Amino acid sequence: GARTPMGSRTPMGMRTPMGYATPASGMYTPYGMNTPMGRMTPMGRMTPMGRMTPMGLQTPAGLKTPGGLATPIGSARGSLHELGEARGTVLAVKLDRIMDSVTGQTVMDPKGYLTDLNALNVQSDADVRDIKKARTLLRSVILSNPKHGPGWLAAARLEEVAGKIPTARHLIAQGCKQCPTNEDVWVEAARLEKPATAKAVIAKAVKALPHSVKLWLDAARRETEKPIKAKILRKALEFIPNSVKLWKEAISLENKEDARIMLSRAVECAPTSVDMWLALAKLSPYQDAKKVLNEARKHVPTDPRIWVTAAKLEETQGNERTVEVILARAKDSLAANGVAADRDMWLKEAEQSEKTSFPLVCQAIIKVTIKMGLDESDPKQMKRMWVQDAEAAISRGAIATARAIYNNAVEKLKGKKGLWLRLAQLETKYGNSESLDGVLQRAVRGCPNAEILWLMYAKQKWLQGDVGKAREILGEAFGHSKDSEAISLAAVKLESENGEIQRARLLLNRARQQCDTAKVWMQSVQLEREQTNYAQALALCEEGLAAHPHFAKLWMIGGQIYMEQTPPQLAEARRFFERAVRACPKSVPVWLCAAECEILDGKFPKARSLLEKARIKNPKSELLWLRGVEVESMDGQERVALHMMSKALQECPSSGVLWAHAIDLEPKPAQNAKSVDALKKCENDADVIVAVAQLFWRDGKIAKARKWFMRAVQLNPALGHAWGGYMAFELSHGDPGQQRDVLRRFCAAEPNQGIRWTKSVKKVKNWRLKWPQKMMAYLQEYWQNVLEFKPLDKEIEALLKGEELPAADVSMEAASAEIKDTKEAKEERKIPAEFFEAADRFSGPRQGWEFKTGSRGLGYYKTDPTKNEPRIKEEPL
């Protein structure tokens, strides 16, 4: 009963911790003794013999406490006493928070307290004291308000947590007597009882509360035999015939025929339950289902699911026209009944119809609701929304829904080229040739001035082998765009690819008169060059340069024509290139061609001089530096080449091409160290990765070499010599399945980059080759030793020659390539998902992450030096 320092009573009239008066209530020290001068000792403790120690002097036992206070004979009694005071204070504060100033009333949330009790675990004496406090509190709750059900629930749960199950049962039984109309109390009583007596408790509960759905469901779930469950649920329906939950539980226990009978009764008792109306329609024959759905619409006129189900019913009967009529009526009826237009809801219904194999319903929903919620006066907004809806549907795998959106969108906005292109791309990826033909045919009618649509249509027919139809399409396209460069060049390509050289000449002649563009002149020269009509080609070149004097490609082609003749006219080519570099001094390829002419003539000083001038005109050009280094190497000046490479790397420190060549320039013992430097500067440059892969290959580390080649072609699929090196590697160390896989991926990538690659494939004799044949030409030029190392597999050799193999053989080889795996790859599969972030391209370095191709594909992998493979800088190559 002591008072607190401010004169207020402690919660529930309790004394302060340890039962002693506080300093403000009489200045008493522990054990009730006064200090000398009537003052308390420091920290509120009494010194031995009742004297105060002077802050640092020795106690009678000669021991000092931390802080200068002496303890009696070094005992910890004061510390424990202080801890008890602190704990009592904390408990008092907690009780203050949950108590009102009015005795016997509480602001505690009993239901929330029940949740807290579930996580309570008695582990110490402190927890026991907490439970005692809570027991006292809850006793006051149930005594002050015995009709309050949550209080009884909380008290029973508390005893259950404390391990006193009989006490909990006794309390909840009293709660049932005090709160006979509280279903939660009855359910809790049944839960706490033993299984043998729980059913009796539930029986008393349903007698006291026969209209409680919760009690009836609990009673049914406690039964294990299906007939008894059904009997209980039917009894419950006698008391509560309009309970949807009870009907659903009861119907789920019946067979199909009995379920239909019960559903017929259920919709009479609960006519607003849409689920039961739909279930009854599903179990009924066609004619009866129509009647059921009509009745459902009368009772629930605001639910669109009934209309959608009716449309699906008609589709199952083949009534295609009726499907759209029903959904059009649905839109009007729902609007008349005050249902707000919900575009997203209808899109979900369309996608669900597609997933459940109702394509006509899906298409009809999109057609009827395509303009819902959109401003028809704003075509841009309509197009933007339709594109967003279609792309979202594609991301969720709803291709038919996206197709329907685009088809209806192009009907509303026929002149929007972007919509037609997206629809054509969709059909290209997910459709077939017939559907793509249909889309492109409609597209060129809707957008007759869109060149790309005409070109796509013509190319599609050409790929199908219908050259006549492709020619007809391009002819029609000329009628709409007479001055179109793209259509003219497409027509020329069509004719030249099919051997119609004279037709191509006539088309180019007309294109030069109508278009007069630099590309048209270039194609005219290239056509004659391919036919070895060098005089005509040079004449056209001079004529084109007169019209377009700064078009660098024409200058390059003209000089190359002189060098291709037999014998090469290098003097004429030199004079031609002198004019070229004056006309296009900023064109690096022109300078390289001029230097190539001098190299062919064996005049290395002249080539060196040209490249130095070019570097002055075009500073920081990695290609000019690279060619300069190669010139020194060809001239036998290895030291000069190394010195020039050092200068090149200073000017272009992040050039992967230069670093890759720098690795090759070094002696074999020093190449490993140089590759480490290259990776530090260009960690994710495909040229450097190829160079490192070749080092692994040289050292016999086959698994690592394959991994680095794969990484290179994924970093830059357009790098041709990376594919060439990868293919050469697989021809040496891979099986036919792996070789076929690399060749297939190479053909899909269609690479067009790389100095050596472009030099090979742009030779006139290689222009018309198929992609596998181009690979073979490259291998013969740069990897002849690999081709001679061991004989090629017959099927791979046939593929490299451009021959087609049966589809069955292709699938078998692809399967074998997928089955075969290395031990290293199997180890990588152990990488957890949180250590990988997918990425289709390199987006810059990240601290603690590495961009590579691993077991989870291309992306960023979290580095772990204790588990992952050591980086190349930590392991000699």
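Reading the values: rules and limits
Residues numbered from 1 in each chain as written. Predicted model: local features only at pLDDT ≥ 70, side-chain atom pairs only at ≥ 80, totals over all residues. Heavy atoms only, no water. Helix = DSSP H or I, 4+ residues; strand = E, 2+ residues; numbered from the N terminus. Expected span 1.5 Å × (residues − 1). Buried < 20%, exposed > 50% of the residue type's maximum accessible area, 1.4 Å probe, protein only. Polar contact = N/O pair within 3.5 Å; in protein donor to acceptor, adjacent residues only side chain to side chain. pLDDT = per-residue confidence, 0-100. Contact = heavy atoms within 4.5 Å. Salt bridge = Lys/Arg side-chain N within 4 Å of Asp/Glu carboxyl O. Arc of directions from axis to C-beta. Axes fitted to C-alpha atoms, helices over the stretch in contact; angles between N-to-C directions. Parallel < 35°, antiparallel > 145°, perpendicular 65-115°, else oblique. Left-handed = near helix turned anticlockwise from the far one by under 90°. Nonpolar A, V, L, I, M, F, W, Y, C, P; charged D, E, K, R; others polar.

## Thoughts on unusual backbone geometry
Cis geometry is adopted by the peptide bond preceding Pro567, which originates at Thr566 and carries an omega value of -5°. In this structure, Pro567 sits in the loop between α28 (552–564) and α29 (570–583). One non-glycine residue, Thr532, adopts positive backbone phi at about 60°. In this fold, Thr532 is placed in the loop between α26 (518–530) and α27 (534–547). Within the chain, Glu750 stands out as a residue other than glycine whose phi angle is a positive 50°. Of note, Glu750 is situated in the loop between α39 (736–749) and α40 (755–761).

## Quick word on α39
Taking 1.5 Å per residue as the helical rise, α39 with its 14 residues ought to reach 20 Å, and the 20 Å between its terminal C-alpha atoms agrees with that figure. For α39, the full list of buried residues reads Gly737, Gln738, Gln739, Arg740, Val742, Leu743, Arg745 and Phe746. A side-chain oxygen of the first residue of α39 lies 3.1 Å from the backbone nitrogen of Gly737; this N-cap is Asp735.

## Some details on the confidence of the model for the chain
For the chain, mean pLDDT is 81; residues scoring 70 or higher make up 78% of the total. Per-element averaging of pLDDT across the chain places helix α44 (residues 807–819) at the bottom with 40 and helix α30 (residues 588–600) at the top with 95. Every residue in residues 98–108 is under pLDDT 50, and counting partners more than four places away or in other chains gives 16 contacts. Counting interchain partners and residues more than four positions distant, the pLDDT-below-50 stretch residues 864–877 has 26 contacts.

## Quick look at the pattern of salt bridges
Evaluated as defined, the whole model comprises 47 salt bridges. Glu427 is paired through a salt bridge with Arg403; the nearest N and O atoms lie 2.7 Å apart. With a gap of 24 residues between them, Glu427 in helix α20 (residues 417–430) and Arg403 in helix α19 (residues 399–412) connect regions that are remote in the sequence. The exposure class assigned to Arg403 is partly exposed, which follows from its relative accessible area of 23%.

## Some words on the side chain of Glu495
Mapped onto the elements, Glu495 comes out in helix α24 (residues 485–497). Residue classification places Glu495 among the buried positions, given a relative accessible area of 3%. Among residues more than four places away in sequence, those in contact with Glu495 are Arg471, Glu500, Arg503, Ala504 and Leu507.

## Side note on helix α10 (residues 244–252)
Every α-helix carries 3.6 residues per turn, so stepping three or four residues along brings you back to the same face. For α10, the full list of buried residues reads Leu246, Trp247, Ala250 and Ile251. Viewed end-on, α10 has its buried residues packed into an arc of 125°, placing them on one side of the element. Opposite the packed face of α10, turned more than 90 degrees from it, sit the exposed residues Lys245 and Ser252. Packing partners of the buried residues in α10 comprise α8 (213–221), α9 (226–239), α11 (256–269) and α12 (274–283).

## Thoughts on the packing of α8 against α10
α10 packs onto α8 with a crossing angle of 20° between their chain directions and a minimal axis gap of 10 Å. If you check the angle between α8 and α10, you find them roughly parallel. Along this stretch, α8 crosses α10, giving a crossing that reads as left-handed. Across from Val213, Trp216, Leu217 and Arg221 in α8, the residues of α10 making contact are Lys245, Leu246 and Glu249. Here the residues of the contact of α8 with α10 sort into four nonpolar, no polar and three charged.

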